[in-house]
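Tertiary structure, described
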Amino acid sequence: MNKLFDNVYEFTHPLIQHKITILRDKNTGTNEFRKVVEELGMLMGFEALADLETVDIEIETPIESCKSPVIAGRKLAIVPILRAGLGLVPGILSLTPSAKVGHIGMYRDEETHEPHEYFCKLPDPISERVILVTDPMLATGGSAIDAINLIKKRGGKRIKMICIIAAPEGVKKFHEAHPDVELYIGHLDRELNKAAYICPGLGDAGDRIFGTK
Ligand code: PRP
Ligand code: URA
């Protein structure tokens, strides 16, 4: 993993890079795209949750009794940013099936590229959970910054975010707004174009996951 700033990491694992190449290919269809986003949710979520606290419990193996660790506390909230963030959730849930799932609805205005919130429902009490926010794309950073502002306003404290592809402009803005939030990036791309799309990117993640245009 490359450390880009304090709390900002870029994955270097060859399996993650291989899967991102599949997503970038314009010939990858909806079915495969969705499947690979789910797999990346599992691989990236696994790493992002490497510091979850554990507590030892006493159990009986078929041989003897022993102390063995389980995840401590109130566990995890996964919070996808709608719509595209939903694609990463099943892979993370396959690792942590008892996690609670919140949702934040954000869409980017096509002209101004400013994010607009249209939905927010978070598991209660959010303040006691590790919160893993998901969105495949971090472009200008506006949607992610606003989503995390909302979570913090409602009491969220221990926040991490995973995104598959990010633009340097967005990562800088995100880190300035939320230096306390751990950000995990699958690949840091070159730049944004005039329409605020990531280059080379993968196009519109929501449309490619859900088969819309
Ligand atoms: C996309 C993407 C992010 C946002 C990133 O969502 O999934 O949420 O754009 O752009 P930003 O960093 O410049 O804010 P979009 O608004 O297209 O909504 P969708 O997921 O419903 O397609
Ligand atoms: N949202 C996307 O889905 N793709 C981009 O490149 C930028 C924002």
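What counts, and where the lines are drawn
- Residues numbered from 1 in each chain as written.
- Chains lettered and ligands numbered in written order.
- Predicted model: local features only at pLDDT ≥ 70, side-chain atom pairs only at ≥ 80, totals over all residues.
- Heavy atoms only, no water.
- Helix = DSSP H or I, 4+ residues; strand = E, 2+ residues; numbered from the N terminus.
- Rg over C-alpha atoms; globule rule 2.2 N^0.38 Å.
- Contact = heavy atoms within 4.5 Å.
- Areas by Shrake-Rupley, 256 points an atom, 1.4 Å probe, with all protein chains shown as cover.
- Lys, Arg positive; Asp, Glu negative; His and termini not counted.
- Charge placed at Lys NZ, Arg CZ, Asp CG, Glu CD.
- Near = heavy atom within 4 Å.
- Polar contact = N/O pair within 3.5 Å; in protein donor to acceptor, adjacent residues only side chain to side chain.
- Buried < 20%, exposed > 50% of the residue type's maximum accessible area, 1.4 Å probe, protein only.
- Arc of directions from axis to C-beta.
- Nonpolar A, V, L, I, M, F, W, Y, C, P; charged D, E, K, R; others polar.
- Salt bridge = Lys/Arg side-chain N within 4 Å of Asp/Glu carboxyl O.

**Things to note about the overall build of the protein**
Helices and strands together make up the secondary structure of the protein, namely six helices and 14 strands. For 213 residues, the compact-globule estimate of 2.2 N^0.38 gives 17 Å, and the protein sits close to it at 18 Å. Along the longest, intermediate and shortest principal axes, the C-alpha atoms of the protein span 65 × 35 × 30 Å. At a minimum sequence separation of 6, the contacts of the protein that also span at least 24 residues come to 63%. Carbon and sulfur atoms form 53% of the exposed surface of the protein, whose accessible area is close to 11,000 Å². Taking the average location of the 26 positive side-chain charges in the protein and that of its 30 negative ones, the two points are 3 Å from each other.

**Some details on the site of ligand 1**
Among the 16 residues in the neighbourhood of ligand 1, the closest are listed as Arg108, Asp135, Ala139, Thr140 and Ser143. Within the backbone of Ala139, a nitrogen or oxygen atom sits 2.8 Å from an oxygen atom of ligand 1. Between an oxygen atom of ligand 1 and a side-chain N or O atom of Thr140, the distance comes to 2.6 Å. Looking at the shell around ligand 1 element by element, the count peaks at three residues for strand E7 (residues 103-108).

**Here's the deal with helix H5 (residues 168-177)**
The set of residues buried in H5 consists of Gly170, Val171, Phe174 and His175. The buried residues of H5 occupy one face: seen down the axis, they fall within an arc of 130 degrees.

**Quick word on the site of ligand 2**
Lining the immediate environment of ligand 2, one finds Arg108, Met137, Ala139, Ala196, Tyr197, Ile198, Gly203, Asp204 and Ala205. In this structure, an oxygen atom belonging to ligand 2 sits 2.8 Å away from a main-chain N or O atom of Ile198. At 2.8 Å, a backbone N or O of Ala205 approaches an oxygen atom of ligand 2. Contact with the protein chains covers 89% of the free accessible surface of ligand 2, which is 240 Å². Grouping the amino acids of the shell around ligand 2 by side-chain chemistry returns six nonpolar, one polar and two charged.

**Observations regarding the environment of Leu4**
Secondary-structure assignment places Leu4 in strand E1 (residues 2-5). As for Leu4 and Ser127, which are separated by 123 residues in sequence, their C-alpha atoms are 28 Å apart. Setting aside anything within four residues of it in sequence, one finds Leu4 in contact with Glu10, Ile185 and Leu188.

**With respect to the pattern of salt bridges**
For the coordinates displayed, the defined rule picks out twelve salt bridges. A salt bridge links Lys19 to Glu39; the shortest N-O distance between them is 2.8 Å. You can see Lys19 sitting in helix H1 (residues 14-24) and its partner Glu39 sitting in helix H2 (residues 30-48), a full 20 residues away along the chain. Notably, a salt bridge pairs Lys152 with Asp180, separated by 2.9 Å at the nearest N-O pair. Of the two residues, Lys152 sits in helix H4 (residues 142-153) while Asp180 sits in the loop between H5 and strand E12 (182-188), which places them 28 residues apart along the sequence. The exposure class of Lys152 is partly exposed, given its relative accessible area of 28%. Each of the salt bridges in this network shares a partner with another, and the network as a whole consists of Lys19, Lys35 and Glu39.

**Considering the side chain of Ser143**
In this structure, Ser143 sits in helix H4. Every residue in contact with Ser143, bar those within four places of it in the chain, is listed here: Ile81, Met106, Arg108 and Pro115.

These figures capture arrangement, not role.
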